[in-house]
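Take a look at the letters that make up each chain.
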Amino acid sequence: VALAASALLMMLGTCPSLQAQTVAPATVSALDKAVPYPSSLVGADYRLVQQQIARGQWQNALQAANQHLQNHPNDPQMRLLKSRILQGLGQNDQALQEVLAITQQYPEIAEPFNNLATLYAQRGQIEAARLALEQALKLNSGYTIARENLGDIYLRMAHDLYAQALNEQPNNAALRAKVQSTSR
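Residues numbered from 1 in each chain as written. Predicted model: local features only at pLDDT ≥ 70, side-chain atom pairs only at ≥ 80, totals over all residues. Heavy atoms only, no water.

A.B. asks: What is the right way to look at the packing of helix α6 (residues 92–105) against helix α7 (residues 111–122) in this model?
C.D. replies: The geometry of α6 relative to α7 is characterised by a closest axis approach of 9 Å and an angle of 150 degrees between their N-to-C directions. Comparing the axis directions of α6 and α7 gives the class roughly antiparallel. The interaxial crossing formed by α6 with α7 has left-handed handedness. For the pair formed by α6 and α7, the contact residues are Asn92, Ala95, Leu96, Val99, Leu100, Ile102 and Thr103 on the first element and Pro112, Phe113, Asn115, Leu116, Leu119, Tyr120 and Gln122 on the second. Of the residues belonging to the contact of α6 with α7, the class tally is ten nonpolar, four polar and no charged. (Axes fitted to C-alpha atoms, helices over the stretch in contact; angles between N-to-C directions. Helix = DSSP H or I, 4+ residues; strand = E, 2+ residues; numbered from the N terminus. Parallel < 35°, antiparallel > 145°, perpendicular 65-115°, else oblique. Left-handed = near helix turned anticlockwise from the far one by under 90°. Contact = heavy atoms within 4.5 Å. Nonpolar A, V, L, I, M, F, W, Y, C, P; charged D, E, K, R; others polar.)

In structure tokens form, the structure reads like this:
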């Protein structure tokens, strides 16, 4: 249930795109209560918000999300969608604060840690992104998207280290090849 975050990370240059994710429907059910967007999510509120996000109708999506959250303020699924909306509106600081709050309120859910990593990576905070992804994988060792994202972070870290080494030894052909091979 990934939502594309490549646009968030394009400004980083050599960092591959990471994928954010919404809370899995099974996780939401377990809590009794999260882009392509999953059609499997139930509820008119989710469908409406997802449709508006897909159309780029960020203000309308924010209004619908806020309306839902008035009645269900702790709904982690809608709060993750709201963080995505805030990103779409260019309010990345607020999006980060929302995801951080979700990780604090629901430290047992892996998806918010994955999304937190995409926000950190967008800011160039690669080490913080790595730590968030490792936490996501501690919570759910079978979380494929987080594992892929962590691989992308490691690739970015390797690229940065190779580039630093190449600056120290600019005539080193092996380092130049490694820098090129880790650039995407």
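A.B. asks: Is there a simple way to explain helix α8 (residues 126–139) in this structure?
C.D. replies: Structurally, the α-helix is built with 3.6 residues per turn, so residues lying three or four positions apart point the same way. Compared with the 20 Å implied by 1.5 Å per residue over 14 residues, the 20 Å span of α8 between its first and last C-alpha is a close match. Every buried residue of α8 is listed here: Ile126, Ala129, Arg130, Ala132, Leu133, Ala136 and Leu137. Viewed end-on, α8 has its buried residues packed into an arc of 165 degrees, placing them on one side of the element. Buried residues along α8 sit against α7 and α9 (144–168). (Expected span 1.5 Å × (residues − 1). Buried < 20%, exposed > 50% of the residue type's maximum accessible area, 1.4 Å probe, protein only. Arc of directions from axis to C-beta.)

A.B. asks: Before we go on, may I ask you to explain the side chain of Glu98 in this structure?
C.D. replies: Looking at the element boundaries, Glu98 is found in helix α6. With relative accessibility at 17%, the residue Glu98 sits in the buried group. If we ignore the near neighbours within four places in the chain, the residues touching Glu98 are Arg79, Lys82 and Ser83.

A.B. asks: How should I be thinking about the side chain of Lys82 in this particular structure?
C.D. replies: In this structure, Lys82 sits in helix α5 (residues 76–88). Although Lys82 lies buried, it forms no salt bridge, and the closest oppositely charged side chain, Glu98, sits 4.6 Å away as judged by the N-O distance. When near neighbours in sequence (up to four residues on either side) are disregarded, Lys82 contacts Leu62, Ala65, Asn66, Leu69 and Glu98. (Lys, Arg positive; Asp, Glu negative; His and termini not counted. Salt bridge = Lys/Arg side-chain N within 4 Å of Asp/Glu carboxyl O.)

A.B. asks: Just checking my understanding: could you explain the environment of Ile145 for this structure?
C.D. replies: Considering the arrangement of structural elements, one finds Ile145 in helix α9. Along the primary structure Ile145 and Asn114 are separated by 31 residues, whereas in three dimensions their C-alpha atoms are 8.1 Å apart.

A.B. asks: Looking at this structure, I do not really get the packing of α8 against α9. What am I missing?
C.D. replies: Angle between the axes and distance between the axes are the two parameters that describe a pair of packed helices. The contact between α8 and α9 brings their axes to 9 Å, and the two run at 155 degrees. Considered as vectors, α8 and α9 are oriented roughly antiparallel to each other. For α8 against α9, the interelement crossing comes out left-handed. Residues Ile126, Glu127, Ala129, Arg130, Leu133, Glu134, Ala136 and Leu137 of α8 pack against Ala146, Arg147, Asn149, Leu150, Ile153, Tyr154, Arg156 and Met157 of α9.

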